[in-house]
Structure formats: structure tokens, C-alpha cells
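# Observations on the three-dimensional arrangement
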Amino acid sequence: SWSFANNSITVTNHSNVPVTASFSYTTAVAFDGIVNGSFTNDKKDPLPSTQIGLSSADDTSDMAKKSTTVYLLLSGTLPSDTSAGTKCGTVTVTIQ
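All of the points below concern the structure found in this document. In this numbering scheme, every chain counts its residues from 1 along its sequence in written order. It should be noted that, the model being predicted, local features are given only for residues of pLDDT at least 70 and side-chain atom pairs only at 80 or more, the latter also being counted only at that level, while totals for whole chains, interfaces and linings use all residues. Remark: hydrogens and water are excluded; side-chain values derive from all non-hydrogen atoms of the structure.

### Notes on the overall build of the protein chain
Operational definition: Secondary structure elements are taken from DSSP: a helix is a run of H or I of four residues or more, a strand is a run of E of two residues or more, and numbering for both begins at the N terminus. Throughout, exposure labels follow a simple rule: accessible area from a 1.4 Å probe, protein chains only, divided by the maximum for the residue type, with under 20% read as buried, over 50% as exposed, and the rest as partly exposed. Whether two residues are in contact is decided by their heavy atoms, any of which lying within 4.5 Å being enough. We get accessible surface area from the Shrake-Rupley algorithm with a probe of 1.4 Å; when it comes to residues, only the shown protein chains can shield them.
Secondary structure assignment for the protein chain yields zero helices and seven strands. For the protein chain, the α and β elements follow one another from N to C terminus as β-β-β-β-β-β-β. Of all 96 residues assigned to the protein chain, the portion counted as buried reaches 29%. Pairs at least 24 apart in sequence give 73% of the contacts found in the protein chain among residues at least 6 apart. When the accessible surface of the protein chain is totalled, it reaches about 6100 Å², and 51% of it is carbon and sulfur.

Here it is in C-alpha cells:
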């Protein structure tokens, strides 16, 4: 399962097999070259990879490996006439 709140995305594996969670950000065409998105695991340092392995729910050796939280960091400056709530991009979470 995964959830999104503010700028954080939490993925938890409840299955009986290990999974890989992948994260990507695609800038909206209108903001291409203006806005960039990256992911961190602690709100400041970039992730070394946008893929994170999660243990199966059956693996009781390390409960922390069953769940991860990443944060979306946006950079750039929107034009001053951009309305609040304007979509500047899309986040995709893929579970494999």
C-alpha cells in the first residue's frame, strides 16, 4: 500500500513476497525547465536511487525494511501569475 500526505509518500509491503517501490516525477509541460522534482529520505539529502526494496511481510527479521517514506522536493521559481493549486507535475509510484 502507499499513501501521500503533504510532500511525503509512504510505501508499506503487506504481501508475502519482497517488492521494489520506484518513484518518479514528471514536470508538467507548461513548467518544463522551470520546476524540477527530486526525492529524499529525510527531507534534505537526495536518494541514492529512486528504487527501494522492501522485505516481505513474512520476514520478521527487520520490521523497518517493510516500509519506507520518501519526500518530494520541488525546486525552481514559478511565474508570478501562477494560480495557487496549479498542477506543476506528476508523481508516479510503481510497485514491482
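Let's pick the thread back up.
### Section: the side chain of threonine 40
Inspection of the secondary structure puts threonine 40 in strand 4 (residues 36–40). Using a relative accessible area of 1% as the deciding quantity, one classes threonine 40 as buried. Residues contacting threonine 40, with those up to four places away along its chain left out, are Asp45, Pro46, Leu47, Thr69, Val70, Tyr71 and Leu73.

### Concerning the environment of leucine 47
Of note, leucine 47 is situated in the loop between strand 4 and strand 5 (51–54). Along the backbone, leucine 47 and tyrosine 71 are 24 residues apart, and their C-alpha atoms lie at a distance of 9.5 Å. Among residues more than four places away in sequence, those in contact with leucine 47 are Phe39, Thr40, Asn41, Ile52 and Val70.

### Focus: the sheet that holds strand 3 (residues 19–27)
For clarity, the cut-off: Between any two strands, at least two bridges found by DSSP are needed for them to pair. Helix axes are fitted only over the stretch in contact, all axes being lines through C-alpha atoms; the angle between N-to-C directions runs from 0 to 180 degrees.
Pairing is antiparallel across the open sheet formed by three strands, whose spatial order is 5-3-7. In this open sheet, the two edge strands, each paired with only one partner strand, are strand 5 and strand 7 (89–95). Geometrically, the sheet is characterised by an average inter-axis angle of 20° between neighbouring strands, direction not taken into account. By the bridge criterion, seven bridges tie strand 3 to strand 7 in an arrangement that is antiparallel. Looking at the pairing, threonine 26 lines up with threonine 90 of strand 7.

### Looking at the nonpolar core
The line we're drawing: To qualify as a nonpolar core, a set must consist of buried Ala, Val, Leu, Ile, Met, Phe, Trp, Tyr and Cys residues joined through side-chain atoms within 4.5 Å.
Counting residues in each nonpolar core, the largest one holds 17 residues, and the members touching the most others are Ile9, Val11, Phe23, Tyr25, Phe39, Ile52 and Val70. Put simply, the parts of the chain that give this core at least two residues each are strand 2 (8–12), strand 3, strand 5 and strand 6 (67–75). Broken down by element, this core gets its largest block of residues, four residues, from strand 3. When residues no more than four places from it in sequence are discounted, the contact partners of tyrosine 25 are Val35, Asn36, Gly37, Phe39, Leu72, Leu74, Cys88, Gly89, Thr90 and Val91.

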